[in-house]
Amino acid sequence: MKITTWNINSVRLRMPIVAQFLKEHAPDAICLQETKCRNAEFPYSDFRALGYEHFAINGQKGYHGVAIVSKQPMELLETRDFCEKGDARHVSVGFANGGTPLTIHNFYVPAGGDEPDREINPKFAHKLDFLDEMAEWIQRDRVTDGRVILVGDLNIAPLEQDVWSHKALLQVVSHTPIEVEKLGRVIDAGRWIDTMRRFVPKEEKLYTWWSYRASDWEKSDRGRRLDHIWASEALSETLEQMHVLREARNWTRPSDHVPVTISLAI
DNA sequence: ATGTCAGGAAGATCCTGA
C-alpha cells in the first residue's frame, strides 16, 4: 500500500498537478493539506475520473482544510477540533485491509506566525497549545495501538539536517527549540517511527518545502522538512520505501511543498 | 533574503495568512 502526503496550497488551483502526480505515481491514498475550500467545493469529479472514488474531507472557506482521497473504500473516523477554534486541521480514516485494520490521521498543524514568543504572538501560542493537545490525545486515547499512520504538514523541521542552516533557523518559527521539544513529546506520546528518517540518515539533508520567495529555490536550496509520515510500531516491519518528489517543486504553478510517499508491505 | 503566492471582499486593489 502506497500513501502520499502533500500540502497542496489550494486543491482547486492545483488540480492539474495533482492529476499529474496521481497518474505518474498512483498511490492508493493521498492526504492533502491546505485544500482551502468548503467541502461542497472540493473537486470530487476530477478525482473520480482518475479512479479515486472515496473521500474523507474536512474543509473550510479560504483557509486550512484537509482531505484523504482513496482508490479503496475507507471509513471516515473523525475530524477532531484541536484547541476548539473550529479550524479544519485533522481528518482520520480506517481501512479494513482484510482483517488487520489500518488507520490514517492527516494533520495540518498551525504555522505559528512570525514571532517565536507565545506572550506576544497568539499564533505561536496556538501552535504550542495544539502540539500539547496532540500529545495528550495520543497518550490518553492510545492512538498508536494497532496499525496507525500519521501524516501531514506539521510545520516543524525537528532535526538539524531538516533545515538548510540549523544555526540560522534557531529563532525562526518551524525550527525553534520549544517547537522541536513539543514535537518530540508528540512523538514520544505514541512511540511513533519517523519513517522518512528510516530511509534517509539523520546526518543527510532532507527537505519537503522551499519558500516561494526565493528567486531560484533550486539554486539556493534553502529548504525545510515540514511534512512528515509517522508510523506506529506495529508497522515497523512493513516499511518498504519512502520518496520525496523534489521535482514537483518545478511543476507548473507548483505548491511550495512537494509530495512525500511511503510504501507499506500490507 | 521581506522576496511570492493564495483566497476573499470589494470593486479593477487591498487585506490576511503562509
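Residue indices begin from 1 for each chain and proceed along its sequence in written order. To label them, take the chains in the order written and letter them from A, then take the ligands in the order written and number them from 1. Owing to the predicted nature of the model, reporting of local features is limited to residues with pLDDT of at least 70; listing and counting of side-chain atom pairs is limited to 80 or more, with chain, interface and lining totals taken over all residues. The side-chain quantities take in all heavy atoms of the structure and omit both hydrogens and water.

1. A closer look at the overall build of chain A
And step 1. We count a stretch as a helix when DSSP gives it H or I for four or more residues in a row; a strand needs E for two or more, and each element gets its number in order from the N terminus. Per the secondary structure count, chain A includes 7 helices and 14 strands.
And step 2. In summary, chain A has a C-alpha radius of gyration of 17 Å against a globular reference of 18 Å for 266 residues, a match within 12%.
And step 3. Projecting the C-alpha coordinates of chain A onto the three principal axes gives extents of approximately 45 × 45 × 35 Å.
And step 4. Exposed residues in this analysis have more than 50% of their type's maximum accessible area, buried residues have under 20%, and partly exposed residues fall in between, with area computed by a 1.4 Å probe over protein chains only. Within the span of chain A, comprising 266 residues, buried residues form 55% of the whole.
And step 5. Residue contacts follow a heavy-atom distance rule, with two residues in contact if any of their heavy atoms lie within 4.5 Å. Pairs at least 24 residues apart make up 68% of the contacts formed inside chain A by residues separated by at least 6 positions.
And step 6. Of the roughly 12000 Å² of accessible surface on chain A, 45% is carried by carbon and sulfur atoms. In this description the radius of gyration comes from C-alpha coordinates, and the expected globular size is given by 2.2 Å times residues to the power 0.38. Here, Shrake-Rupley sampling with a 1.4 Å probe gives the accessible areas, and only protein chains in the shown set may cover a residue.

2. Topic: the protein's contact with DNA strand B
And step 1. The local shell around DNA strand B holds 19 residues, among which Ser 10, Arg 14, Arg 213, Arg 222 and Arg 253 are the closest.
And step 2. Note on definitions. A residue lies near a molecule or strand when any single heavy atom of the residue is within 4 Å of it. A share of 64% of the atoms of DNA strand B within 4 Å of the protein falls on sugar and phosphate groups.
And step 3. Between DNA strand B and the protein, one listed contact pairs a phosphate oxygen with a side-chain N or O atom of Lys 61 at 2.7 Å.
And step 4. Identification of polar contacts relies on pairs of N or O atoms within 3.5 Å, with a donor-acceptor requirement for protein atoms, meaning one able to donate a hydrogen and the other able to accept it, and with residues adjacent in sequence counted only if both atoms are side-chain atoms. Arg 222 places a side-chain nitrogen or oxygen 2.5 Å from a base nitrogen of DNA strand B.

3. Notes on the packing of helix H3 (residues 122-140) against helix H5 (residues 177-190)
And step 1. At their nearest, the axes of H3 and H5 sit 7 Å apart, and the two run at 15° to each other. Our classification of the angle between H3 and H5 gives roughly parallel. Note that H3 runs across H5; the crossing there is left-handed. Across from Phe 124, Lys 127, Leu 128, Leu 131, Asp 132, Met 134, Ala 135, Ile 138 and Gln 139 in H3, the residues of H5 making contact are Ile 178, Glu 179, Lys 182, Leu 183, Arg 185, Val 186, Ala 189 and Gly 190.
And step 2. Looking at the contact of H3 with H5, its residues break down into 10 nonpolar, 2 polar and 5 charged. Helix axes use the C-alpha atoms of the stretch in contact, all axes being lines fitted to C-alpha atoms, and the angles between their N-to-C directions lie in the range 0 to 180 degrees. Every angle not falling under 35 degrees, over 145, or within 65 to 115 is termed oblique; those three ranges are roughly parallel, roughly antiparallel and roughly perpendicular. By the definition used in this description, the sense in which the near helix is turned from the far one sets the handedness, with an anticlockwise turn below a right angle giving left-handed and a clockwise turn giving right-handed. Classification used: nonpolar for Ala, Val, Leu, Ile, Met, Phe, Trp, Tyr, Cys and Pro, charged for Asp, Glu, Lys and Arg, polar for all others including Gly.

4. Some remarks on the UniProt feature "site: Important for catalytic activity" (unreviewed entry) in chain A
And step 1. UniProt positions are given in the numbering used here, feature names are shortened, and annotations may be inferred rather than shown by experiment. In the UniProt entry, the feature "site: Important for catalytic activity" (unreviewed entry) is given for Asp 227.
And step 2. For Asp 227, the position within the fold is in strand E12 (residues 227-231).
And step 3. Within the structure, Asp 227 has its side chain in polar contact with the side chain of Thr 208 (distance 2.6 Å).

5. Comments concerning the nonpolar core
And step 1. Ile 3, Trp 6, Phe 42, Phe 47, Ile 104 and Ile 149 are the most contacted members of the largest nonpolar core, which has 53 residues in total.
And step 2. Ranked by residue count, the leading element in this core is helix H1 (residues 15-25), at 5 residues.
And step 3. Excluding residues within four positions of it along the chain, Ile 3 makes contact with Ala 29, Cys 31, Leu 102, Ile 104, Ile 149, Ile 229, Val 260, Thr 261, Ile 262 and Leu 264.
And step 4. To qualify as a nonpolar core, a set must consist of buried Ala, Val, Leu, Ile, Met, Phe, Trp, Tyr and Cys residues joined through side-chain atoms within 4.5 Å. Counting residues in each nonpolar core, the second largest holds 19 residues, with Phe 82, Leu 131, Ile 138 and Ala 189 among its members.

6. Digging into the state of the cysteines
And step 1. In plain terms, two cysteine sulfur atoms within 2.5 Å form what is called a disulfide here. Per the counting criterion, the structure on display carries 0 disulfides.
And step 2. Counting only cysteine sulfurs, Cys 31 is the nearest neighbor of Cys 37, a cysteine outside any disulfide, at a range of 16 Å.

7. Brief notes about the pattern of salt bridges
And step 1. Counted as salt bridges are all cases of a side-chain nitrogen of Lys or Arg within 4 Å of a carboxyl oxygen of Asp or Glu. Per the stated rule, a full pass over the model turns up 17 salt bridges.
And step 2. Arg 225 is the partner of Asp 162 in a salt bridge, and the nearest nitrogen-oxygen pair spans 2.8 Å. Of the two residues, Asp 162 is situated in the loop between strand E8 (147-153) and helix H4 (166-169) and Arg 225 in the loop between strand E11 (223-224) and E12; the sequence distance between them amounts to 63 residues.
And step 3. When its relative accessible area of 0% is taken as the criterion, Asp 162 is described as buried.
And step 4. Since its relative accessible area comes to 0%, Arg 225 is described here as buried.

8. Overview of the sheet that holds strand E2 (residues 29-33)
And step 1. Note on pairing: two strands pair once DSSP finds at least 2 bridges between them. Judged by pairing direction, the sheet is mixed, and its 6 strands sit side by side in the order E3-E4-E2-E1-E14-E13 without closing on themselves. With one partner strand each, in any of the chains shown, strand E3 (54-58) and strand E13 (239-244) form the two edges of the open sheet. Each neighbouring strand pair of the sheet contributes to a mean axis angle of 10°, computed without reference to strand direction.
And step 2. Here E13 runs beside strand E14 (residues 260-264); their pairing, made up of 5 bridges, is antiparallel. Bridging across to E14, His 243 finds its partner in Thr 261.

9. Some remarks on the pairing of E2
And step 1. With respect to burial, E2 is a largely interior element, 5 of its 5 residues being buried.
And step 2. The alternating pattern of E2 places Ala 29, Cys 31 and Gln 33 on one face and Ile 30 and Leu 32 on the opposite face, and all of these are buried.
And step 3. As a crossover connection, the stretch from strand E1 (residues 2-7) through H1 into E2 is right-handed.
And step 4. One ladder, built from 5 bridges, connects E2 with strand E4 (residues 66-70); its direction is antiparallel. In the strand pairing of E4, Ala 29 is matched with Ser 70. By convention, orient the strands away from the viewer: a clockwise path from the first strand over the helix to the second makes the crossover right-handed.

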